[in-house]
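Observations on the three-dimensional arrangement
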Amino acid sequence: EAQVTQNPRYLITVTGKKLTVTCSQNMNHEYMSWYRQDPGLGLRQIYYSMNVEVTDKGDVPEGYKVSRKEKRNFPLILESPSPNQTSLYFCASSFDRYNEQFFGPGTRLTVL
Amino acid sequence: DAKTTQPPSMDCAEGRAANLPCNHSTISGNEYVYWYRQIHSQGPQYIIHGLKNNETNEMASLIITEDRKSSTLILPHATLRDTAVYYCIVSSIRGKLQFGAGTQVVVTP
């Protein structure tokens, strides 16, 4: 089944403890992206990648890192999480930047 | 990057057509218009996209004005399962996407 998977789905952590949210797609898509969603602010793009080893900042990249070492995976790294990074995170992928994006189920992160 | 403006909410009767407007007056010539929807806190779902011409698929129709400054998403026969937040998005040539606040659509029996 074609899908985007994210792990973990739920995570509660403490300030400053490094964490990684994984994202994987099985559709051989070139384009991948991370979003965060907060009440009243909608979905905001964090980082995106148009191909392996090519990443670029979205609207809210501060406090996040990404890597794209292989086509199927696009992990989101929070080196030193803070409470303002408490949010619902979505990973998405598409064949290229012009085509429909397939979204993962979301990761709900709470930073205490 | 172009911004979009949508009404915050609208109601629609089940079985009737739902027409969702979107303004994107600063759109550039090579930017596409995309529509997605999100049910509760699930991942957004793609509906349709277009550049200049009107588009139709099994879910909806997209009507883009000739000057491309606005568009309308049409759900031809709304069902209760179409209750969702609908997002109109304009993409940049660099692949950056900006979601607005969207329109909360409530389909009533």
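In this report, the structure presented in the accompanying data block is examined. The model shown is predicted, which means the values in this text are computed figures rather than measured ones.

**Considerations on the interface of chain B and chain A**
Taken residue by residue, the interface counts 19 residues in chain B and 21 residues in chain A. Note on chain B versus chain A: buried area summed over both sides is about 1,700 Å², and carbon and sulfur give 49% of it. Between chain B and chain A we count zero salt bridges in total. Linking chain B with chain A are six residue pairs in polar contact (both at pLDDT 80 or more). No other element matches the three residues that strand S3 (residues 33-38) of chain B contributes to the side of chain B that touches chain A. Of the residues that constitute the side of chain B that touches chain A, the class distribution is nine nonpolar, eight polar and two charged.

**Details of the state of the cysteines**
Two cysteines form a disulfide when their sulfur atoms are joined by a covalent bond. Residue and element names in this part refer to chain A. What the rule picks out here adds up to two disulfides over all chains. Note on cysteine connectivity: cysteine 23 is disulfide-linked to cysteine 91, with sulfurs 1.8 Å apart. Taking the torsion about the S-S bond as the criterion, the cysteine 23 to cysteine 91 disulfide, at about -70°, is left-handed. Of the two residues, cysteine 23 sits in strand S3 (residues 19-25) while cysteine 91 sits in strand S9 (residues 87-94), which places them 68 residues apart along the sequence. The buried category is assigned to cysteine 91, whose relative accessible area is 0%.

**A closer look at the pattern of salt bridges**
Residues and elements named next belong to chain A. One pass over the full model with this rule turns up five salt bridges over all chains. In this structure, aspartate 38 engages arginine 36 in a salt bridge whose closest nitrogen and oxygen atoms are separated by 2.9 Å. The closest approach of N and O atoms between arginine 44 and aspartate 38, which form a salt bridge, is 2.8 Å. Among the ionic contacts, a cluster of salt bridges with common partners joins Lys18, Lys65 and Glu79.

**Details of the environment of B:Asp11**
You can see B:Asp11 is positioned in strand S1 (residues 9-13). Put simply, B:Asp11 and B:Thr56 are 45 residues apart on the chain and 22 Å apart in space, counted from C-alpha to C-alpha.

Calculation rules
Residues numbered from 1 in each chain as written. Chains lettered and ligands numbered in written order. Predicted model: local features only at pLDDT ≥ 70, side-chain atom pairs only at ≥ 80, totals over all residues. Heavy atoms only, no water. Contact = heavy atoms within 4.5 Å. Buried area = accessible area lost by both parts, 1.4 Å probe. Salt bridge = Lys/Arg side-chain N within 4 Å of Asp/Glu carboxyl O. Polar contact = N/O pair within 3.5 Å; in protein donor to acceptor, adjacent residues only side chain to side chain. Helix = DSSP H or I, 4+ residues; strand = E, 2+ residues; numbered from the N terminus. Nonpolar A, V, L, I, M, F, W, Y, C, P; charged D, E, K, R; others polar. Disulfide = S-S within 2.5 Å. Buried < 20%, exposed > 50% of the residue type's maximum accessible area, 1.4 Å probe, protein only.

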